[in-house]
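Breakdown of the fold
Each chain, written out:
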Amino acid sequence: MKRARWAIAVGAALAGVALLAGCADIRYYWQSASGHMDLMRAARPVPEWLEDPSAPEALKAKLELAQRIRRYAVAELGLPDNASYKAYADLHRPAALWNVVAAPPHSLTLKTWCFPVAGCVGYRGYYDEAAARAEAAELTAHGLEVAVYPVPAYSTLGWMNWAGGDPLLSTFIGYPEGELARIVFHELAHQVLYVQGDTMFNESFATAVERIGGARWLKTQASEAARLEYAQFDARRQQFRALAADTRRALQELYASDEAKAQDWKAVDARKAAAMDEFRRRYAALRATWTGPRQGAYDAWVARANNAAFGAQAAYDDLVPGFEALFEREGESWPRFYAAVKDLAAQPKAGRDQALRRPAAQPDELMQTQSPCCKRDNNNGDRGA
């Protein structure tokens, strides 16, 4: 009976949010509400799984690890101590949901969709892959470049903690230790701060938290085997991200070139094709140096790479160095770092982006665009973790 009342309450709340958006898109909002409600209905507290004799021992070990990671997030990273990630749901599918992203043929700027709580974001999520593919086909028919990618986890930004919070999911619980820690840190960071309508700020902030926190977890809490496993994977990821960043810069320069301004699309498309060919050639050469498991982890992404895929990747990468520099600027104190990020978030988008894009070698400039009322004496305060 308690679970039934909970389901009714959650359903009513999410349906109310859906109705706020208007009737024109009611089917999309209903799939969002019902999809999330199904996910939360599948969740059971971690202690129940640990006491279940039918649960695999490997799963139990991962759940216990996840609880240690959760406690570390609170004690050492200053992340929220609430209901999230204290339950687990087996979704019986490979992703929590599938995101659709789209961009014009001659731009990396993502199409945006606007939602009642999240504001305007550069993606649209579906709990059913077929529905995501259908949306992608419609956008492609309108002349956009489109990408669909699986999402292992997402955050409800703390809005659903009253109903049990965000659960651990079968879509990522099997990740290697370093990656499991990073994904928990990333999603909890969204509950610290979320700026409506600024996907790049939000995702880059959460990525900076996961990178810094993940490195500390591995250094102080993980086994040598876990550190070695993660080091191999992360080295490949950094190599791939550097290659992708090079290609993004080349495409951005092309789309701002004289040919583009003159709308000489034939010349632009020829240079674009050459840039994509060079990207795939360099990836093939890089991949040939990799050995062992997950050698082809990026193959599918590379094969389908387009403006939408590069634009989505930029949201997770481009402002991260600025956030990392700000963390150092604040004496590597998590409370001071979060306060500084909240100060930046209060600025207009152009101001905070400009501050975060300054070279990491000049971290003192990160706060210079703040109003005098919001600057802090950085020689005082908690030096923290």
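Residues numbered from 1 in each chain as written. Predicted model: local features only at pLDDT ≥ 70, side-chain atom pairs only at ≥ 80, totals over all residues. Heavy atoms only, no water.

With that settled, consider the confidence of the model for the chain. Chain-level pLDDT for the chain is 88 on average; 86% of the residues reach the 70-or-more range. Across residues 1–24 the pLDDT falls below 50, and counting only partners more than four positions away or on other chains, this stretch makes 30 contacts in the model. (pLDDT = per-residue confidence, 0-100. Contact = heavy atoms within 4.5 Å.)

Right, let's get into helix H12 (residues 307–317). Since there are 3.6 residues in each turn of an α-helix, residues three or four apart along the chain are aligned in direction. With ten of eleven residues buried, H12 lies mostly within the body of the structure. Among all positions in H12, only Asn307, Ala308, Ala309, Phe310, Gly311, Ala312, Gln313, Ala314, Ala315 and Asp317 are buried. Of the residues flanking the start of H12, the one acting as N-cap is Asn306, its side-chain oxygen 3.1 Å from the backbone nitrogen of Ala308. (Buried < 20%, exposed > 50% of the residue type's maximum accessible area, 1.4 Å probe, protein only. Helix = DSSP H or I, 4+ residues; strand = E, 2+ residues; numbered from the N terminus. Polar contact = N/O pair within 3.5 Å; in protein donor to acceptor, adjacent residues only side chain to side chain.)

With that settled, the discussion passes to the side chain of Lys272. Mapping Lys272 onto the fold places it in helix H10 (residues 265–287). Apart from the residues lying within four places of it in its own chain, the contact partners of Lys272 are Pro105, Glu145, Leu251, Leu254, Tyr255 and Asn307.

Turning next to the state of the cysteines. Considering all chains together, one arrives at one disulfide under this definition. For Cys114, the disulfide goes to Cys120, at an S-S distance of 1.8 Å. Residues Cys114 and Cys120 share a disulfide whose torsion about the S-S bond is about 95°; that sign makes it right-handed. Residue classification places Cys120 among the partly exposed residues on the basis of a relative accessible area of 31%. (Disulfide = S-S within 2.5 Å.)

The next subject is the environment of Ala345. Looking at where Ala345 falls in the secondary structure, it is placed in helix H14 (residues 334–345). Spatially, the C-alpha atoms of Ala345 and Asn202 are 9.4 Å apart, while their sequence positions differ by 143 residues. Contact partners of Ala345, with chain neighbours within four places excluded, come to Leu193, Val195, Phe201 and Arg352.

Overall, mixed pairing links the three strands, which are arranged S1-S2-S8 in an open sheet. The outermost strands of the open sheet, each flanked by one partner alone, are strand S1 (44–45) and strand S8 (168–169). Looking at chain direction, strand S2 (residues 87–89) and S8 are connected through two bridges and run parallel. Residue pairing across strands places Ala89 opposite Leu169, the latter belonging to S8. (Pairing = 2+ DSSP bridges.)

Leu79, Phe205 and Phe337 are the most contacted members of the largest nonpolar core, which has 69 residues in total. Take this core: its biggest share by element is nine residues, from helix H7 (residues 199–220). Those residues in contact with Phe337 that sit more than four places away from it in its chain are Phe205, Val209, Phe323, Leu326, Phe327 and Glu330. Formed by 19 residues, the second largest nonpolar core is a distinct cluster that contains Leu243, Leu251, Phe279 and Tyr283. (Core = buried A, V, L, I, M, F, W, Y, C linked by side-chain atoms within 4.5 Å.)

Turning to the packing of helix H4 (residues 57–77) against H7, a few remarks are in order. At their nearest, the axes of H4 and H7 sit 11 Å apart, and the two run at 115° to each other. On the basis of the axis angle, H4 is roughly perpendicular to H7. In terms of crossing hand, the pair formed by H4 and H7 is right-handed. Here Leu65, Arg68, Ile69, Tyr72 and Leu77 of H4 come into contact with H7, specifically with Gly213, Arg216, Trp217 and Thr220. Residue composition of the contact of H4 with H7, by class: five nonpolar, two polar and two charged. (Axes fitted to C-alpha atoms, helices over the stretch in contact; angles between N-to-C directions. Parallel < 35°, antiparallel > 145°, perpendicular 65-115°, else oblique. Left-handed = near helix turned anticlockwise from the far one by under 90°. Nonpolar A, V, L, I, M, F, W, Y, C, P; charged D, E, K, R; others polar.)

With five of seven residues buried, strand S7 (residues 145–151) is to be regarded as a mostly interior element. As defined by bridge partners, strand S3 (residues 97–103) adjoins S7 across seven bridges and the pair is classed as antiparallel. Within S7, the residue paired with Ala103 across the bridge is Glu145.

Turning to the packing of aromatic side chains, a few remarks are in order. Inspection of every chain in the model, using the stated rule, returns 26 aromatic pairs. Chaining the aromatic ring pairs together yields one cluster made of Phe201, Phe205, Phe323, Phe327, Trp334, Phe337 and Tyr338. When the ring centre of Phe201 is taken as reference, the NZ or CZ atom of Arg352 above it lies at 5.4 Å. (Phe/Tyr/Trp six-rings, centres within 6.5 Å; stacked < 30°, edge-to-face > 60°. Lys NZ or Arg CZ within 6 Å of the ring centre and 35° of its normal.)

Tallying each qualifying case throughout the model produces 26 salt bridges. Here Glu145 ties to Lys272 by a salt bridge, and the two come within 2.3 Å at their closest N and O atoms. With Glu145 in strand S7 and Lys272 in helix H10, this residue pair connects regions lying 127 residues apart in the sequence. We note that Glu145, like Lys272, is buried. When the shortest N-O distance is used, the salt bridge between Glu179 and Arg182 registers 4.0 Å. Of this pair, Glu179 and Arg182 both sit in helix H6 (residues 177–192), three residues apart, which is roughly one turn of that helix. You can call Glu179 buried: its relative accessible area is 12%. Each of Glu179, Arg182, Glu210, Asp234 and Arg237 takes part in a single network of salt bridges with overlapping partners. (Salt bridge = Lys/Arg side-chain N within 4 Å of Asp/Glu carboxyl O.)

A relative accessible area of 17% places Glu145 in the buried class. In contact with Glu145, not counting residues within four places along its chain, are Val101, Ala102, Ala103, Pro105, Lys272, Asn306, Asn307 and Ala308.

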